[in-house]
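# A closer look at the structure
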Amino acid sequence: MSTQFLNFIEIFINGLMAGIMYSLVALGFVLIFKASGIFNFAQGVMALFAALTLVGLQTGQVPFSHLINAIFGTDIHDWGPGLPTFLAILLTLVVMIALAWLLEKFVLNHLINQEPIILFMATIGLAYFLEGFGDLMWGSDVKTLDVGLPSGGSFWWEDVTRTWAPEDADYWGMYIDKLDISATIIAVILVTALSLFSQYTATGRALRAVADDHQAALSVGISLRKIWVIVWSIAGFVALVAGIMWGSKSGVQFSLSLIALKALPVLILGGFTSIPGAIVGGLIIGVGEKLAEAYIGPMVGGAIENWFAYVVALAFLLFRPQGLFGDRIIERI
Amino acid sequence: MLYREAGDFKTTYRADEQTFPIRSERWLFWTVMVLAFAVVPFFINDYWNKAVLVPFLVWALAALGLNILTGYCGQVSLGTGGFMAVGAFACYKIMTAFPDLNMFIVVVLSGFVTAGVGILFGLPSLRIKGFYLAVATLAAQFFLIWVFNKFPWFYNYSASGQITAPERTILGIAVTGPNSLPWATYLFCLAIVFVFAWVARNLTRGRMGRSWMAIRDMDIAAEIIGVSPLRAKLSAFAVSSFYIGMAGALFFSVYLGAAEVTEAFGIDKSFLALFMVIIGGLGSILGSFLGAGFLVLLPVLFKNIMVNQFGWPTDVAAHLQIMLIGGLIIFFLIVEPHGLAQLWRLTKEKLRLWPFPY
Amino acid sequence: MNVHVHPTQEFRFMRPDDGIKQGDPLLVVDNISLSFGGVKAITDISFDILKGEIRAIIGPNGAGKTSMLNVINGFYHPQKGTITFRGQKRSRMRPHEAANHGIARTFQNIALFHGMSVLDNIMTGRITLMKRNMLWQALWRGPAETEEIENREIVERIIDFLEIEHIRKTPVGRLPYGLQKRVELGRALAAEPSLLLLDEPMAGMNLEEKEDMSRYILDVNQQFGTTIALIEHDMGVVMDLSDRVVVLDYGRKIGDGTPDEVRNHQDVIDAYLGVSHD
C-alpha cells in the first residue's frame, strides 16, 4: 500500500473515532427529544457539569469554596484526599439524577404544553445556568481528569501498520489514541445497553410509548413526570460518559460544553429521533471533518473544522429535510 | 386617573391605527424622547456613556433586528454575532475605503451589506424549520467568524488581525475614534436608533408585518391565503440582518473602537441578543428596548454590588451572573413567555380600569 | 316609502370579474389521482364547479374530501389529471399562487393566526390585494398608510357583515370556537375570491351557530356572487344549501347531481348506511 493511501486510512480511522465521541453527545440529545420533544441545548453543559463534579469529588474539592471564601473571608479548598474513582463516578451519577429530578420539578413541569421552540430556549437558559453553577461550585480553572483509562498512542497498531507500507517508504505507522479505542468500546456497550433497556424492560416500553404519543401514553396510565425524570437521568448518565471521555481526552474546561455544538450537525444528519441515526451521523461528520481538514483545509487556510460539519449537514438537509433515518414528512392542514 | 381611555374617541381609521392610541401614552413617549435628546446629553459623563447608554442603544438595535426575525417571523436565529461581525467589517472597510463618507451613510450601508449576507443565509429557511433552522444559523455564525479570521483583506492586513475605527466626524464633531466626546457618540447612536425603531414599527404594523406574523403563527395556512413564504421569510432575514448589521457597525466603530472578531462577535453575542428578545418580549418593539436595557444594566449592577461593594473576586461575580441570567431566562419563559413588554401591557390594562378590579 | 338596503349591497365591488358567465364552469377537475407513497387518497376523480353555485362535496370520513380541496388550492400536487380554473389549464402551482388567482379557503381545524387580533387576521386575508413595497411601508406616511386605510374600510365592512364588531381588537386565541370559525370565514372573504372553499364550516357547532353560519354562506353566495365549494357532514345543511353535490367514497366519486338525485342514489345510500353482504 502506498503511503498516501495509508495516510488516508489513518485519517479515516481517526475520523471514525472522533465521530464516536460526537455520537456520544448526540445520543443524549436524541434520548430527550424522543421522550419529551425537547431539543436539549444544555446536553453539552451537562457533560461539562458531570465531568466537573467527577473531578471535584475525585480530588476532594470543597464545593462552592470560592463563593464561601468570598463571603466569609475564609480560605478553604479541599476537604481531604478525595474519593476513589469508582465511588466518585457513582456519586456523580447520583448528582445527575438529582439534577434531573430538580429540573422536572422546577422547570419542565411548568413548561408543559409550551411550544417546542420555547422549550428549546429554556434549555439555552439551562445551559447558562448550569455553566455558571458548575463554575461556581468547582471553579473555572482547567482540570485534568484521569479515571484510569489507558491513553497515548497504540504502539501495537503502529507496528502492525508500519509493515503495510513499502519497505523503502519513510513511514512510521498509524497513530491511534488508546483513549479513542476505549471510547469506541464504551460507546458500543452504551448503545447496546440502551437498546436492550428500551426493548425489553417495562420502563423502556413506557419510554417508547411516550415518545410515540404523549396523550395516548397518559391515557393508559403512564406517568409523564416519572418518565421525564427517568429520561433526563439517562441523558445525565450519557452526559457523564461523554464528559469522562472528552474530559480525559482534552481536560475539563469550559470548551467541553461546546462539543454540544458539534453534536448538532450530527443530529441534523441522523434525524432528531433516531439512535442509529445519531451513531451513523456522528461517524459521517467525524470522518468528513477530518478528511476535509486534511484535504480541503490547506486550500482555504485551514481551521475549517468549526463550520465544515454544519455545511455538510445543511447541504444534506436541503435535499432530505427529514434526515437520514427520519420518515418522510407529509404536511397536513 | 392620569392614564385613561374614556373620552379619547377615534373618528377615523387613521386615528385608530396610530402607535400610541391613548393620549397619556403619547405624552409619556414624547416626554421620554425630549429627555433623551435634549436633557441627557448635558448630564452625560464618560462612565454612563460607555457602560450603559451606548451599549444599551447598540444592543437595542440588535435586539430589534433579531425580534423582527424571531419574534415577528418566528425564525429562531443563533447567528446574530456573525451578522454583527458582517456589519462591523463592512463598516470598517467602507470607513477606510471612503474616508470622507458621512458616518450615518457608512452605518446604513453596513446594514445593507449585512442584509445581503442575511438573505444568503436565510435561503435554507425555505426548506427547513424550527430547530433545524436554528442549527443552520449557527453554521452562519461559525462560518462568518472563520471568514473574517482567515482572509486578511477584511482587516486590511493589519498585523494583529484587529480592526480599529479611525476618527470620523459629523459637523466637525468626532463620533468615532479616541477623541470622540460622550454626548456626541450618544446622540449619534440615539438618532440612528430613533429613526430605525420608527421604521421597524412601520414595517411591522402593515402588510409586511402581517405576512411575517402569519408565517410565524401558522406557515401552511399563511401560504394558502396568499403569503409567499419565500418573500416573507427572505424579507424578514433581510430586514433583520440590516438592523443587526447596523448594530454591529455601531458596536465596533462607536462602542469598542477596536475589535478582534472571535472575541467581539462570538456565539455568546448571539445568545445575548436572543436572551434580550426573550426577556424583553417576542414580537414587541418596546420589548427589544426593555430586554436590551435589562441585560445591559444587570452586569453593571452586579459588578457594582458584588465586586465594588462586597469586594468579591470578579470570577465569582461573573459565574453568579451567568447563572442568574440563565435562571432568569427560564423564569421568564415559565412565568411570562411574552416578556417584560407583556408585563407593561398588563400594567396598562390594570391602570386603565383603576380603581376598579374589572 | 322605506327602502330597505341590505348591508351587503355595499359589497357590489367585491363581485370578482373573472370573465366567466354565470352558470359556466369556473373550475373543472379532470381525472385527478393523488397518492402518498403507496396510499391512494384520490382515484380518477372528475367534476366541475359552475360559476355562482354552491357545490357540496360529501362522503364518509377518509373519503378524500379535504385532499380534494388541497389539490384544488395547490397544497397537494396530484400525480395525474388536470385542473382548469377560469378557463386556464393549471400546471403545478404553489398555494399562494392559487390564492393570487382568486381561490380562498377555510380549514377543518381552525387555522387562524393565534398571535394576532381579529382585525389583523382579516387584514392578512387581503395580503394578495395590497401592493405597496417595503420602502413605502418603512415610511408609512403617504401611500402605505392610504392603502392600509382603504383596505381597513373594506375589512370593516366584512366585520359588519359577520357581526363581529365587538371583538375586532381581541386576539383570536381568546375567542370561542364558533366565533373563530366566523373570523376564518371573514379572512377568506377579505381576499375577494372567485372561488371559496369551505372545509366543514359547521363542524362542532350547535344548532343556532349552524343557522347563523348557513345564513352567512347563503348571503356570501347571493350578495357577492361568490362561487362556493363546501365540505359538510350535516346532511340537512348540505341538502338545504347546495345547488349540486358530489359524493366521494374511498377516494372515488360515487355520485354527482342535485341534492335530490344524490339522496336517492343507491351507491350513496350504501356508502353511508353500509351494505349488507348476506
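Quick note: structure is the one above.
Just so you know, the residues in each chain are numbered from 1, in the order the chain's sequence is written. Chain letters and ligand numbers both follow the written order, the letters beginning at A and the numbers at 1. The model is predicted, so local features are restricted to residues of pLDDT at least 70 and side-chain atom pairs to those at 80 or more, both for listing and for counting; the totals for chains, interfaces and linings are taken over all residues.

As a further point, take the sheet that holds strand S1 (residues 25-36) of chain C. Residues and elements named next belong to chain C. Any two strands are treated as partners once DSSP identifies two or more bridges connecting them. Each helix is a run of H or I in the DSSP string that is no shorter than four residues. Each strand is a run of E no shorter than two, and both are numbered from the N terminus. Ordered by their spatial adjacency, four strands build an open sheet running S2-S1-S4-S5, and the pairing between neighbours is antiparallel. Each end of this open sheet is capped by a strand with a single partner; those strands are strand S2 (39-50) and strand S5 (88-90). Across the sheet, the mean angle separating the axes of adjacent strands is 20° when strand polarity is ignored. Axis definition: a line fitted to C-alpha atoms, limited for helices to the stretch in contact. Angles are taken between N-to-C directions and run from 0 to 180 degrees.

Now for the interface of chain B and chain C. The parts lose accessible area when they come together, and the size of an interface is often stated as this lost area. Think of it this way: build a C-beta for each residue from its backbone, and any pair within 7 Å is a contact. Of the residues lining the interface, 25 residues belong to chain B; the matching set on chain C comes to 34 residues. For the side of chain B that touches chain C, the secondary structure elements donating two or more residues are helix H1 (13-16), helix H7 (182-205), helix H8 (207-217) and helix H9 (219-224) of chain B. Looking at the side of chain B that touches chain C element by element, the count peaks at eight residues for H8(B).

Here we take up the sheet that holds strand S7 (residues 195-199) of chain C. Residues and elements named next belong to chain C. Spatially, the six strands line up as an open sheet ordered S6-S7-S8-S3-S9-S10, and their pairing is mixed. Looking at strand neighbours, the two that pair on one side only are strand S6 (103-105) and strand S10 (252-257), the edges of this open sheet. Strand-to-strand twist across the sheet, computed as the mean angle between neighbouring axes with direction ignored, equals 20°. One ladder, built from three bridges, connects S6 with S7; its direction is parallel. Among the inter-strand pairings, Ala104 is bridged to a residue of S7, identified as Leu196. Sheet contacts for helix H1 (residues 65-72): strand S3 (54-58), S6, S7, strand S8 (227-231) and strand S9 (244-249); angle to S7, the most-contacted strand, approximately 150°.

In these notes, a nonpolar core means any group of buried Ala, Val, Leu, Ile, Met, Phe, Trp, Tyr and Cys residues linked to one another through C-beta atoms within 7 Å. Neighbour counting defines burial: a residue surrounded by 20 or more other C-beta atoms within 10 Å of its own C-beta is buried, one with 12 or fewer is exposed, and intermediate counts give partly exposed, using backbone-placed C-beta atoms. Grouped together as the largest cluster of nonpolar side chains are 296 residues, with contacts concentrated most on Ala47(A), Ala51(A), Val231(A), Val58(B), Leu61(B), Ala88(B) and Leu250(B). Excluding residues that lie within four positions of it along the chain, Leu250(B) makes contacts with Val58(B), Leu61(B), Val107(B), Cys189(B), Ile192(B) and Tyr255(B).

On to the packing of helix H1 (residues 3-36) of chain A against helix H7 (residues 178-200) of chain A, then. The angle between the axes and the distance between the axes are what describe a pair of packed helices. Residue and element names in this part refer to chain A. For the pair H1 and H7, the least separation of the axes is 9 Å and the interaxial angle reads 45°. Considered as vectors, H1 and H7 are oriented oblique to each other. Like other packed secondary-structure pairs, H1 and H7 cross with a definite hand, here left-handed. Taking contact as the criterion, the partners of Met17, Ile20, Met21, Ser23 and Leu24 in H1 are, on H7, Asp180, Ala183, Thr184 and Ala187. Just so you know how the angles are binned, under 35 degrees is roughly parallel, over 145 roughly antiparallel, 65 to 115 roughly perpendicular, and the rest oblique. Handedness of a crossing follows from how the near helix is turned relative to the far one, being left-handed for an anticlockwise turn of less than a right angle and right-handed for a clockwise one.

This part covers unusual backbone geometry. Residue and element names in this part refer to chain C. Positive phi, close to 50°, is recorded for Arg86, a residue that is not glycine. Among the structural elements, Arg86 can be located in the loop between strand S4 (80-85) and S5. Positive phi, normally seen in glycine, also occurs at Glu192, with a value near 50°. By secondary structure assignment, the location of Glu192 is in the loop between helix H6 (177-190) and S7.

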